[in-house]
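Each chain is listed here by its residues.
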Amino acid sequence: NDNYLANIKKKGALVMGTSPDYPPYEFLANQNGQNKIEGADIQLGQQIAKNMGVKLQVKSMGFDSLLVGLQTNKVDMVIAGLNKTPQRAKSVSFSNSYYRSGTGLIINKNDKNKIKSYHDLKNKSVGAQVGSVQYDSMKKLPDVTTKGMENANDLIMALKTNKIAAVAMDQSVAQAYANHNSGIMTISSGLHSGDSDNNIAFAKGADSLVNSANKTISNLQKNNQYTKNFIPAAINKMPDN
Ligand code: ARG
């Protein structure tokens, strides 16, 4: 029995940390001249806060600082298209899975005959977000130069300006970026090790929060809400560029 849930109820707010550079999970959308954080993960966070009877507060952070943010109490939970990995599970507690994703590659359309899977990345530079599972998978490939960047938007920019030959990121995010940027396309990475579950992270030992989130997740799963409603709603809100 821990005090985490009781403290959040006392505070009246649940602070969610995320890195809004990952559509359709989380991204910035312009609303009347103001940037607002939108996405399927935000809707999930709202549902969790609602079921706890508190307000959701969304805090934007760099992806690589999110889990540290939990450990230093800057945020109460992290929802960020985050995969549960044994390494991360050492320092934070994970909810059950709310979605599943694999790794995709984004390339320039001009290269589509040259790059068909990760086998064709030999002697090329590939971009990935610092701290992501995709960064680690790319690092493991022999003869591939991995270029780590903090922000996923910068990876897309680097690809479009030919500074890198491909970007490795979650398949659904790769698809969302490709749909909103002419000149780039996704291919399946061929990397099966990249497939895994998206889970919510809490401070290590915050079981009362994990249990509460798991209840919300299993309710949403009954009619496949995340996939059927949250993702399409997020895709509709994505900015064109
Ligand atoms: N799924 C990948 C991971 O867990 C990348 C997540 C990146 N998320 C983000 N909001 N930028 O490492």
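Predicted, not measured: the structure shown is a model, and the values here were computed from it.

K.L.:
I would appreciate a short explanation of the overall build of the protein chain in the present structure.
P.N.:
Each helix and strand in the protein chain was counted, giving 9 helices and 13 strands. In terms of overall size, the protein chain behaves like a compact globule, its C-alpha atoms giving a radius of gyration of 18 Å where 241 residues would be expected to give roughly 18 Å. Seen along its three principal axes, the alpha-carbon backbone of the protein chain occupies a region of about 55 × 40 × 30 Å. Burial analysis of the protein chain (241 residues in total) assigns 52% to the buried set. Taking contacts inside the protein chain between residues at least 6 apart in sequence as the whole, the part at least 24 apart equals 71%. One way to put it: in the protein chain the 28 positive side-chain charges average out to a point 3 Å from where the 18 negative ones average out.

K.L.:
Could you clarify how one ought to interpret the site of the ligand in this entry?
P.N.:
Close to the ligand lie 15 residues; Asp21, Gly81, Arg88, Gln129 and Asp170 are nearest. Protein burial of the ligand: of its 350 Å² of free accessible surface, 100% is covered by the chains. Of the residues contributing to the shell around the ligand, the split by class is 5 nonpolar, 6 polar and 4 charged. Built from parts of two domains, the shell around the ligand gets at least three residues from each of domain 1 (4–100 + 196–237) and domain 2 (103–194).

K.L.:
Which parts of the structure should I look at to understand the domain arrangement of the protein chain?
P.N.:
Frequently, the measure chosen for interface size is the accessible area that the parts lose on association. Assigned domains within the protein chain: domain 1 (4–100 + 196–237) and domain 2 (103–194). Taking only C-alpha atoms into account, the centre of domain 1 sits 25 Å from that of domain 2. Opposite the 14 residues of domain 1 that make contact, domain 2 presents 17 residues. Summed over both partners, the interface of domain 1 with domain 2 comes to about 1,300 Å²; 50% of that surface belongs to carbon and sulfur atoms. Looking at the side of domain 1 facing domain 2, the largest losses of area belong to Asp21, Tyr22 and Phe63, adding up to 42% of the total buried there.

K.L.:
Can you walk me through the sheet that holds strand 10 (residues 145–149) in this structure?
P.N.:
Strand pairing within a sheet occurs via backbone hydrogen bonds; the two strands may be parallel or antiparallel. Ordered in space as 10-9-11-8-12, the 5 strands form an open sheet in which the pairing is mixed. In the strand order of this sheet, the two ends are held by strand 10 and strand 12 (184–188), each with one partner. Along the sheet, successive strands turn relative to each other by an average axial angle of 30 degrees, direction set aside. Along the sheet face, helix 7 (residues 171–179) touches strand 8 (103–108), strand 11 (166–170) and strand 12 and points at about 155 degrees away from the line of strand 12.

K.L.:
Just checking my understanding: could you explain the packing of aromatic side chains for this structure?
P.N.:
Aromatic rings considered in pairs are described by the distance between their centres and by the relative angle of their planes. All chains considered together, the criterion is met by 5 aromatic pairs. Ring centres of Tyr22 and Tyr25 lie 5.9 Å apart, and the angle between their planes is 25 degrees; on these two criteria the pair is classed as stacked. As far as the burial class goes, Tyr22 and Tyr25 line up, both buried. Centroid distance Tyr98 to Tyr226: 4.9 Å. Interplanar angle 65 degrees. Geometry classified as edge-to-face. Taken together, the positions of Tyr98 in strand 7 (residues 92–101) and Tyr226 in helix 9 (residues 225–237) put the pair 128 residues apart, joining distant regions of the chain. On the basis of relative accessibility, which here comes to 6%, the residue Tyr98 falls in the buried class. Judged by relative accessible area, which is 4%, Tyr226 ranks as buried.

K.L.:
Explanation requested: the environment of Ser196 in the structure shown.
P.N.:
By the secondary structure assignment, Ser196 is in strand 13 (residues 196–203). Ser196 sits 93 residues away from Thr103 along the chain, and the two C-alpha atoms are 8.9 Å apart. Ignoring anything within four residues of it in the chain, the contact list for Ser196 reads Asn83, Arg100 and Ser101. Among the polar contacts made by the side chain of Ser196, one reaches the side chain of Asn83 at a distance of 3.2 Å.

K.L.:
Before we go on, may I ask you to explain the packing of helix 2 (residues 40–52) against helix 8 (residues 207–222) in this structure?
P.N.:
Axis angle and axis distance: for two packed helices, these are the angle between their axes and the distance between the axes, and together they describe the pair. For the pair helix 2 and helix 8, the least separation of the axes is 9 Å and the interaxial angle reads 115 degrees. Every pair of crossing elements has a handedness; the one defined by helix 2 and helix 8 is right-handed. Where helix 2 abuts helix 8, its residues Leu44, Gln47, Ile48, Asn51 and Met52 lie against Leu209, Ser212, Ala213, Thr216 and Leu220. Here the residues of the contact of helix 2 with helix 8 sort into 6 nonpolar, 4 polar and no charged.

Cut-offs and rules
- Residues numbered from 1 in each chain as written.
- Predicted model: local features only at pLDDT ≥ 70, side-chain atom pairs only at ≥ 80, totals over all residues.
- Heavy atoms only, no water.
- Helix = DSSP H or I, 4+ residues; strand = E, 2+ residues; numbered from the N terminus.
- Rg over C-alpha atoms; globule rule 2.2 N^0.38 Å.
- Buried < 20%, exposed > 50% of the residue type's maximum accessible area, 1.4 Å probe, protein only.
- Contact = heavy atoms within 4.5 Å.
- Lys, Arg positive; Asp, Glu negative; His and termini not counted.
- Charge placed at Lys NZ, Arg CZ, Asp CG, Glu CD.
- Near = heavy atom within 4 Å.
- Areas by Shrake-Rupley, 256 points an atom, 1.4 Å probe, with all protein chains shown as cover.
- Nonpolar A, V, L, I, M, F, W, Y, C, P; charged D, E, K, R; others polar.
- Domains from an automatic or database assignment.
- Buried area = accessible area lost by both parts, 1.4 Å probe.
- Pairing = 2+ DSSP bridges.
- Axes fitted to C-alpha atoms, helices over the stretch in contact; angles between N-to-C directions.
- Phe/Tyr/Trp six-rings, centres within 6.5 Å; stacked < 30°, edge-to-face > 60°.
- Polar contact = N/O pair within 3.5 Å; in protein donor to acceptor, adjacent residues only side chain to side chain.
- Left-handed = near helix turned anticlockwise from the far one by under 90°.

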